[in-house]
Amino acid sequence: MKNISSQHEAARKERFGYTCHACSRCCRHKHIQTNPYEIARLASFVGQSSSQFRTQSTLDGEGTALLQTPDGDCVFLGPDGCTVHPARPLVCRLYPLGRHRMGDGSERWHRLEPHPQSLGEYSESGTIGDYFEDQDAQGFIDAADAYVEWVHAATEIMNDIAQDGETAAFDAGILDMDEVVTSWCAARNEAPPSDVEARRSLHLKLLYEELDHLKGGRDEQD
Ligand code: SF4
């Protein structure tokens, strides 16, 4: 873990700077991926439930990427730029940097190829760490990592199940943070946490319980 922390620290000290001139070219013809946390943040920002948001504003209503207009613009691109800027997803916050989280938890950064007519300017005025601090990205990074870890754990279990010649599937709604948390709290006559970070923690706890349940069912069969 110490090595990973030093690796993070070293990578985040790399010189980097980017000045956006709001040409909005990075908001067109891009696959803007989203996780349950980002959907909940966006939904709350536009005053919808995450289910409504998924249906209206994500690709195939699945909640994994933002919808585009027929011209290829992000559905939230307005005449003056991003209309959901305070709640924009991680990839938008990090642009023009790309972040890869490796299997061992370390991260790799790379500079994305800008659109040929992009007005954005690269520089070395700061560091990668300064850049994503300015973008208020750390909470989104933490959420992305937590959901990716759950997906890995779920994939491992599903693979084990498939290897045994069995089948299992999760309800598609399981990744809808607000829906899962609200239903769980309603069943206990509790109010759902109003803070999105608390809802994220509870959602992940419930997702892992779902995996334990799946594993428990298999252990009982053995
Ligand atoms: S969410 Fe905002 S910043 Fe991200 S692609 Fe859409 S319009 Fe652009």
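Reading the values: rules and limits
Residues numbered from 1 in each chain as written. Predicted model: local features only at pLDDT ≥ 70, side-chain atom pairs only at ≥ 80, totals over all residues. Helix = DSSP H or I, 4+ residues; strand = E, 2+ residues; numbered from the N terminus. Buried ≥ 20, exposed ≤ 12 C-beta atoms within 10 Å, placed from the backbone. Contact = placed C-beta atoms within 7 Å. Near = placed C-beta within 6 Å. Nonpolar A, V, L, I, M, F, W, Y, C, P; charged D, E, K, R; others polar. Arc of directions from axis to C-beta. Pairing = 2+ DSSP bridges. Core = buried A, V, L, I, M, F, W, Y, C linked by C-beta atoms within 7 Å. Domains from an automatic or database assignment.

1. Focus: the environment of Glu179
Right, so step 1: Structurally, the position occupied by Glu179 is in helix 7 (residues 177–187).
Right, so step 2: Given 18 C-beta atoms within 10 Å, Glu179 falls into the partly exposed group.
Right, so step 3: As a C-alpha pair, Glu179 and Ser50 span 129 residues in sequence and 7.2 Å in three-dimensional space.
Right, so step 4: Those residues within four positions of Glu179 in sequence are excluded, and the remaining contacts are Ser50, Ser51 and Gly173.

2. Some words on the site of the ligand
Right, so step 1: Close to the ligand lie Cys27, Lys30, Ile32, Leu66, Cys74, Phe76, Leu77, Cys82, Val84, Arg88 and Cys92.
Right, so step 2: Of the residues contributing to the shell around the ligand, the split by class is 9 nonpolar, no polar and 2 charged.

3. As for unusual backbone geometry
Right, so step 1: Omega for the peptide link from Tyr95 to Pro96 comes to 10 degrees, which places this bond in the cis form.
Right, so step 2: Mapped onto the elements, Pro96 comes out in the loop between helix 4 (90–94) and strand 4 (97–101).
Right, so step 3: Even without being glycine, Asp136 reaches a positive phi, approximately 55 degrees.
Right, so step 4: Its location among the elements puts Asp136 in the loop between helix 5 (128–134) and helix 6 (138–163).
Right, so step 5: Judged by local crowding, Asp136 falls into the exposed class, with 11 C-beta atoms found within 10 Å.
Right, so step 6: One non-glycine residue, Asn189, adopts positive backbone phi at about 55 degrees.
Right, so step 7: For Asn189, the position within the fold is in the loop between helix 7 and helix 8 (196–221).

4. A few points about helix 7
Right, so step 1: Buried residues of helix 7: Met177, Asp178, Val180 and Val181, and no others. Taken down its axis, helix 7 places every buried residue within 165 degrees of arc, on the same side. Opposite its buried face, helix 7 presents the exposed residues Ala186 and Ala187, each directed more than 90 degrees away.

5. Notes on the pairing of strand 5 (residues 107–111)
Right, so step 1: Burial of strand 5 is sparse: only 0 of the 5 residues sit out of reach of the surface.
Right, so step 2: Pairing geometry for strand 4 and strand 5, over 5 bridges, is antiparallel. Bridging from a neighbouring strand, His100 pairs with Arg108 of strand 5.
Right, so step 3: The hairpin turn running from strand 4 into strand 5, its antiparallel successor, is 5 residues long, and Gly105 in that turn takes a positive phi close to 95 degrees.

6. Remarks on the nonpolar core
Right, so step 1: Ranked by internal contacts, the top residues of the largest apolar core, which has 23 residues, are Ile39, Cys74 and Met177.
Right, so step 2: The set of elements that each furnish at least two residues to this core consists of helix 2 (36–46), helix 4, helix 6 and helix 7.
Right, so step 3: Of all the elements, helix 2 adds the most residues to this core, at 5 residues.
Right, so step 4: The residues that make up this core include at least three from each of domain 1 (2–136) and domain 2 (140–221).

7. Observations regarding the domain arrangement of the protein chain
Right, so step 1: Domain boundaries assigned for the protein chain yield domain 1 (2–136) and domain 2 (140–221).
Right, so step 2: The straight-line distance from the C-alpha centre of domain 1 to that of domain 2 is 25 Å.
Right, so step 3: The partner domain 2 presents 16 residues to the 17 residues of domain 1 that form the contact.
Right, so step 4: Those elements that provide at least two residues to the side of domain 1 that touches domain 2 are helix 2, helix 3 (50–57) and helix 4.

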